Amino acid sequence: NQYTSEIEAFEPKSAEELEQFRIKFLGTKGIIKDLFDEFKAVSPEQKRVLGKVLNQFKQLAEAKFNDNKDNFTGAAQDAAASEDLTLPGEGFEIGGRHPLNLVRKEIVEIFKRLGFVLAEGPEIEDDWHNFSALNFPEEHPARDMQDTFFVEASSNPETEKGKKSEFALRTHTSSVQVRLMEHGKPPFRALMPGRVYRNEAISARAHCFFHQVEGLYVDENVSFADLKQTLYYFVQELYGEGTKLRFRPSYFPFTEPSAEMDISCTICKGAGCQMCKYSGWVEILGCGMIDPNVLDNVNIDSKKYTGFAFGMGIERITNLKYQIKDLRLFSENDVRFLKQFQTET
Ligand code: PHE
């Protein structure tokens, strides 16, 4: 019939033309569907003859469509058609925790078991919290112990021209001790992790920012023995049973007495290496009994309460744990470095 010749002559020039063709003949409201509907009504004898014709007609239209459909599928579908579906998939890149975060988490977990709670403070800090309340006297050289980044005076309208800005990037997390104590009542047993900034040239051993974990414990009758036992427990948990530690007298304006704590070198086990400068010992933190002046500054009765504090650099702790020799690796975001710390969680 007329449709047969139309189908045979059909030569689509575009995907739209082909689609028109499909709708006209093969669509759910198309000619073939209609013919099959009519076919239901005819007599059985006619069905035998017509059925054959109809089926041939349908096959003709389908064949035409199938022969042409690949001509217009477009570049994207061409590519898809030529893709080898048996190849393994590309998979997703799964991110991992940053080594500093892994170690911070580990430190926090250890102190949590001793009842320490977490606290945080701002990275832009005022002179009071970073220095004055911590017993750094005005214009005292102790302030130069830590090379401070001051925040531009113009951003603080209250600062007179020519005067040093009252705001700075905190040089240590000890500022959080002050914030905690001035807003609460003893006892305090807190751990304060965070980023700190110092104006130092960037090298393998120093950076202008790094991370610390501060610890604070204030209550009645807290002694230096409590400090030692707390840190002893921490070191055994983090670096393993049998890691030795020693305390050396030191100075911080906000602790009295003050000490620095060394651990036996976890890398060479005392045999001598660069990390411990061939001494067998590496310093990992500063600590001491909170100076009564600091307690007075935050209105805590220094006759009734005593306490200890400690502060450690997470980078140093991490270096010792994973034997990393260049601090800059932590902030360069080289995935080859970061991937080595990928964990399940
Ligand atoms: N804030 C000191 C530092 O950054 C470390 C410290 C913290 C020392 C608490 C004593 C007590 O070097």
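Residues numbered from 1 in each chain as written. Predicted model: local features only at pLDDT ≥ 70, side-chain atom pairs only at ≥ 80, totals over all residues. Heavy atoms only, no water.

If you look the chain up in an unreviewed UniProt entry, it shows as Phenylalanine--tRNA ligase alpha subunit from Pedobacter segetis. In its Sequence similarities (unreviewed entry) section, the UniProt record describing the chain reads: "Belongs to the class-II aminoacyl-tRNA synthetase family. Phe-tRNA synthetase alpha subunit type 1 subfamily." Annotation of the chain in UniProt includes, under Subcellular location (unreviewed entry), the sentence "Cytoplasm". (UniProt positions renumbered as here; feature names shortened; annotations may be inferred.)

> Explain the pattern of salt bridges here, please?
Charged atoms that come close allow side chains of opposite charge to pair. For the coordinates displayed, the defined rule picks out 14 salt bridges. R246 is the partner of D262 in a salt bridge, and the nearest nitrogen-oxygen pair spans 2.8 Å. Of this pair, D262 sits in strand β7 (residues 255-264) while R246 sits in strand β6 (residues 245-252), placing them 16 residues apart in sequence. The class for D262 is buried, based on a relative accessible area of 3%. We classify R246 as partly exposed; its relative accessible area is 33%. (Salt bridge = Lys/Arg side-chain N within 4 Å of Asp/Glu carboxyl O. Helix = DSSP H or I, 4+ residues; strand = E, 2+ residues; numbered from the N terminus. Buried < 20%, exposed > 50% of the residue type's maximum accessible area, 1.4 Å probe, protein only.)

> Please clarify how the sheet that holds strand β9 (residues 306-313) should be interpreted in this entry.
Strand pairing in a sheet relies on backbone hydrogen bonds. The paired strands run either parallel or antiparallel. Reading across from one edge, β1-β4-β5-β9-β8-β7-β6 is the order of the 7 strands in this open sheet, with mixed pairing throughout. Bordering the open sheet on either side are β1 (117-118) and β6, each of which pairs with just one other strand. The pairing of β1 with strand β4 (residues 188-197) spans 2 bridges and is parallel. The partner of V117 across the bridge, within β4, is A190. (Pairing = 2+ DSSP bridges.)

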